[in-house]
Amino acid sequence: MNKKTLVLTAILLSQTVSALAYTPSTWAKEEIASAKKAGITVFEDFNKDYTQALNREEICALIVQTLEIGLKKKLEPKNDSPFTDTENEDIVCAYELGIIDGTGEGEFMPQKQLSRQEASKIFSIASAKHAESAVKYNENAAVKFKDFSSVAPWAVKYVSAVSENGLFKGDENGNFNPLSGVTVEQAAVICLRMISSAKDADGGENGYIKSDFKISAKTDAGTAKIIWDCKTD
């Protein structure tokens, strides 16, 4: 075998390994395909395997793109970055929308991995603006997870919200895994579910959220369920 053949073989093997590495898990394949069809594609720029965990910057990119699809408009920051360690426009947009916060002392720590309980806060606020004042959360929704005791007290209401709204689901053993990272495929599927939760709300075929679309919720005292009300002005 000559050098040219060896080089060509190495390239083909490298491409094959790369293709295999960037294939979604079996459970996620159908929803990933639907997410791409809906326009959720920014995760393809992350250069990560579908099973790798996302960082804070990447979550913001996914959230902003999903909201742009729903609102049918480009989201741009109105001010300069309030953080000393990033100028990323997606992060600034998410901050101005009240979806994310810094980590203290003026920093955002964009490369820091995000846990599932931290992501539950971000996604619950993204799917219902000003959720803390508009929604009365009931921790009974999170109690169903076998590892509920591992959920931080501050995160209980957010885990409850994303669970009841169908954005997050437990694993095959019934655990939420609050401290685990959120993988590329999990985040893409959650974003798709955000869009799907408003399906047909505008009477259209695509089911995307209109700019005047509003989500509110109330708690049913009898069932401890969060009832979501979707309407337009």
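All figures in this text were calculated on a predicted structure; none of them were measured in a lab.

What counts, and where the lines are drawn
- Per chain, residue numbering runs from 1 following the sequence as it is written.
- Given that the model is predicted, a residue must reach a pLDDT of at least 70 before its local features are reported, and side-chain atom pairs must reach 80 or more before they are shown or counted; all residues, however, enter totals for whole chains, interfaces and linings.
- Side-chain metrics in this entry use all non-hydrogen atoms of the structure; hydrogen atoms and water are not considered.
- The numbering of helices and of strands both runs from the N terminus, where a helix is a DSSP run of H or I of at least 4 residues and a strand a run of E of at least 2.
- Relative accessibility under 20% of the residue-type maximum defines a buried residue, over 50% an exposed one, and the middle range a partly exposed one, all with a 1.4 Å probe and only protein chains included.
- Throughout, the Shrake-Rupley method with a 1.4 Å probe supplies accessible areas, and for residues the shown protein chains are the sole cover considered.
- pLDDT runs from 0 to 100 and stands for how confident the predictor is about each residue.
- The contact criterion used throughout is that any non-hydrogen atoms of two residues lie within 4.5 Å.
- Note on ring pairs: Phe, Tyr and Trp rings are taken, using the six-membered ring of Trp, and paired if centres are within 6.5 Å. Classes follow the plane angle, with under 30 degrees stacked, over 60 edge-to-face and the rest tilted.
- Put simply, a charge is over a ring when the Lys NZ or the Arg CZ is close to the ring centre, within 6 Å, and near the line of the ring normal, within 35 degrees.
- Only the stretch in contact is used when a helix axis is fitted, and all axes are lines through C-alpha atoms; the angle between N-to-C directions ranges over 0 to 180 degrees.
- When an angle is under 35 degrees it counts as roughly parallel; over 145 it counts as roughly antiparallel; between 65 and 115 it counts as roughly perpendicular; any other value is oblique.
- By the definition used in this description, the sense in which the near helix is turned from the far one sets the handedness, with an anticlockwise turn below a right angle giving left-handed and a clockwise turn giving right-handed.

S.K.: Just give me the short version of the overall build of the protein, but keep the residues and values in it.
M.R.: Within the protein, the regular secondary structure consists of nine helices and two strands. Traced from its N-terminal end to its C-terminal end, the protein shows the element sequence α-α-α-α-α-α-α-α-α-β-β. For the protein, with 233 residues in total, the buried portion stands at 43%. Working note: accessible area of the protein is about 12700 Å², and carbon and sulfur atoms make up 49% of it.

S.K.: Kindly report on the confidence of the model for the protein, identifying the contributing residues and their values.
M.R.: Residue-level pLDDT values for the protein average 79, and 71% of them are 70 or greater. Mean pLDDT across the secondary structure elements of the protein bottoms out at helix α6 (residues 131-134), with 41, and peaks at helix α4 (residues 89-96), with 96. Low pLDDT, under 50, characterises residues 3-20; the predicted model gives this stretch one contact beyond four residues in sequence or across chains. This model gives residues 225-233 a pLDDT under 50, and the stretch forms 35 contacts once residues within four places in sequence are excluded.

S.K.: Which residues make up unusual backbone geometry, and what are the values?
M.R.: In this structure, N47 is a non-glycine residue whose phi angle is positive, near 55 degrees. Locating N47 in the fold gives a position in the loop between α2 (29-38) and α3 (56-71). Among the residues examined, N47 registers a relative accessible area of 60% and is labelled exposed. Of note in this structure, M109 is not a glycine but carries a positive phi near 55 degrees.

S.K.: Pulling in residues and values, what's your account of the packing of aromatic side chains?
M.R.: For any two aromatic rings, the description comes down to two numbers: the centre-to-centre distance and the angle of the planes. Going through the model one piece at a time under the given rule, you end up with seven aromatic pairs. On the numbers, 5.2 Å between centres and 50 degrees between planes, the contact of F83 with F108 is tilted. Here F83 is found in the loop between α3 and α4, whereas its partner F108 is found in the loop between α4 and α5 (116-127), with 25 residues between them in sequence. Here F83 and F108 have matching classes, each one buried. Here the basic side chain of R56 rests over the ring of F108, its NZ or CZ set 4.1 Å away from the ring centre. One cation-aromatic arrangement involves R116 over F176; the distance from NZ or CZ to the ring centre is 4.6 Å.

S.K.: Hey, could you go over the packing of α3 against α4 for me, with residue numbers and the actual values?
M.R.: The relative placement of two packed helices comes down to the angle between their axes together with the axis-to-axis distance. At a closest axis distance of 8 Å, the pairing of α3 and α4 adopts a crossing angle of 70 degrees. When the interaxial angle is binned, α3 and α4 end up roughly perpendicular. Helix-helix and strand crossings are classified by hand; for α3 and α4 the assignment is left-handed. From α3, E57, C60, A61 and V64 reach across to α4, where they touch D90, I91, C93 and A94.

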